[in-house]
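Listed below are the residues making up each chain.
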Amino acid sequence: MKRIVIGSVVAVCVMLVVGIMAASVYMLDYTLAPEAERGDTTKWFRELYAEYPETREWVDSLKQREALRDTFVLMPTGERHHAYYVNRDSGKTAMIIHGWRDCAIDFFYLARMYERELGYNVVIPDLHAHGLSEGDMIQMGWLDRLDALHWLSVFKTDTMVVHGVSMGAATTMMLSAETMPEGIRELHFIEDCGYTDVWKELEGELSKQFGLGPFPLMYCANWINKLWYGWSFKEASALQAVEHSSYPMLFIHGDQDTFVPTEMCQRLFSAKRSMKEMWLAEGAEHAESYQKHPAEYMRRVKQFLETTPLPNNQSR
């Protein structure tokens, strides 16, 4: 009888462990698996023109002038990554970083703002496992910061701005604490609705969508992610990065954002020690600040780039 009880307990424990492991793998795949049609550029352009019809004429004019270029580079990891480059023959370049399961094309509305209204060259990378870039699993901005750093060095100009939205904003903030390529005299960062860290963002979504706490799924999924992909949810922290960032940063967030709660922006802004501005866009949900307030968005960005003081080792 005792053996039967012990055997039953062991069997139940094994089933629980297997169930937790399977659920954790599912959670990881749900979070990090790429968009199935990520390389279908026709679909992405169709969606762009439907949401931002003003971009169609702009893209057509770039193609006629041969100013829109497909660029592929070999990353230090050995992967082949893709970006669109808009050449305006300017000494100023904006790098725009897209969000989770998006691609470069999705953010041509911001590229248009920088090229047409602000006079910048623009580089818009497809992040690892997005768009036309290689990669099997999404990196949530953490390892992407190193890819973004490589793109900065490839398209380096005297004046640069890095502007990211959602996961791209987290990438932007994580990048801002790195040592930048030599030769960039003036560098600004703009983050639009980025999360404080991957752990907190996933923990919040696990609670909202499934009504579950972080234990045990988050801990198990984090362990598997570290084992398979070499990074952990907790180390992927934009909050820690902005604490150590010495560059000017503009924080933008919709005041009705629940996907990446607005409170995260306030925490990030508080963590940044100097050279910072914040704009909470009224009535905007996640990644809607430009869509709701395009003129105000551009005015805020332009003012930030033209008036924000630079670190002591930089000058205008």
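Because the structure is a prediction, the values reported are computed rather than measured. (Residues numbered from 1 in each chain as written. Predicted model: local features only at pLDDT ≥ 70, side-chain atom pairs only at ≥ 80, totals over all residues. Heavy atoms only, no water.)

> Help me get a handle on the packing of aromatic side chains, residues and values and all.
A complete count under the given rule lists 21 aromatic pairs for this structure. Centroid distance F107 to Y109: 5.6 Å. Interplanar angle 35°. Geometry classified as tilted. Just as F107 is buried, Y109 falls in that class too. One aromatic cluster is present, built from ring pairs that chain together Y52, F107, Y109, W279, Y290 and Y297. Sitting over the face of the ring of F269, K276 holds its NZ or CZ atom 4.5 Å from the ring centroid. (Phe/Tyr/Trp six-rings, centres within 6.5 Å; stacked < 30°, edge-to-face > 60°. Buried < 20%, exposed > 50% of the residue type's maximum accessible area, 1.4 Å probe, protein only. Lys NZ or Arg CZ within 6 Å of the ring centre and 35° of its normal.)

> Lay out the packing of helix α4 (residues 108–117) against helix α12 (residues 294–307) with the relevant residues and their values.
Running from N to C, α4 and α12 cross one another at 55°; their axes reach a closest spacing of 12 Å. Taken together, the axis directions place α4 and α12 in an arrangement best described as oblique. As α4 packs across α12, the resulting crossing turns out to be right-handed. Residue-level inspection shows L110, M113, Y114 and E117 of α4 in contact with α12, the latter providing Y297, M298, V301 and L305. Of the residues that constitute the contact of α4 with α12, the class distribution is seven nonpolar, no polar and one charged. (Axes fitted to C-alpha atoms, helices over the stretch in contact; angles between N-to-C directions. Helix = DSSP H or I, 4+ residues; strand = E, 2+ residues; numbered from the N terminus. Parallel < 35°, antiparallel > 145°, perpendicular 65-115°, else oblique. Left-handed = near helix turned anticlockwise from the far one by under 90°. Contact = heavy atoms within 4.5 Å. Nonpolar A, V, L, I, M, F, W, Y, C, P; charged D, E, K, R; others polar.)

> Provide a residue-level description of the sheet that holds strand β4 (residues 121–125), including the pertinent values.
In space, the eight strands of this open sheet follow the order β1-β2-β4-β3-β5-β6-β7-β8, with mixed pairing throughout. Both edges of this open sheet fall to β1 (68–74) and β8 (276–281), since each of them pairs with a single strand only. Pairwise comparison of adjacent strand axes, ignoring direction, gives a mean angle of 20° for this sheet. Looking at chain direction, strand β3 (residues 92–97) and β4 are connected through three bridges and run parallel. The partner of T93 across the bridge, within β4, is N121. Against the sheet, helix α6 (residues 167–175) touches β3, β5 (159–165), β6 (186–192) and β7 (249–254), its axis set at about 140° to β5. Contacts from helix α10 (residues 262–271) reach β6, β7 and β8 within the one sheet, and its direction differs from that of β8 by about 170°. (Pairing = 2+ DSSP bridges.)

> Help me get a handle on the packing of helix α7 (residues 198–210) against helix α8 (residues 217–229), residues and values and all.
In contact at an axis separation of 11 Å, α7 and α8 are set at 135° when each is read in the N-to-C sense. As the angle between them shows, α7 and α8 are arranged oblique. The way α7 lies across α8 gives a crossing that is right-handed. Contact with α7, carried on its side by W199, L202, E203 and L206, involves M218, Y219 and N222 of α8 and no other residues of that element. Tallied by class, the residues present in the contact of α7 with α8 amount to five nonpolar, one polar and one charged.

> Describe the nonpolar core, naming the residues involved and giving the relevant values.
The biggest cluster of nonpolar side chains holds 55 residues, and the ones touching the most others in it are M95, L175, Y195 and F233. Apart from residues no more than four positions distant in its own chain, M95 is found in contact with V123, P125, A148, W151, L152, V161, V162, H163 and L175. Core analysis: the next-biggest nonpolar cluster, separate from the first, contains 42 residues, Y52, A67, M113 and C193 among them. (Core = buried A, V, L, I, M, F, W, Y, C linked by side-chain atoms within 4.5 Å.)

> Tell me about α6, and please be specific about residues and values.
With nine of nine residues buried, α6 is to be regarded as a mostly interior element. Among the residues of α6, those classed as buried are M167, G168, A169, A170, T171, T172, M173, M174 and L175.

In short, the description is geometric, and any link to function would need to be established separately.
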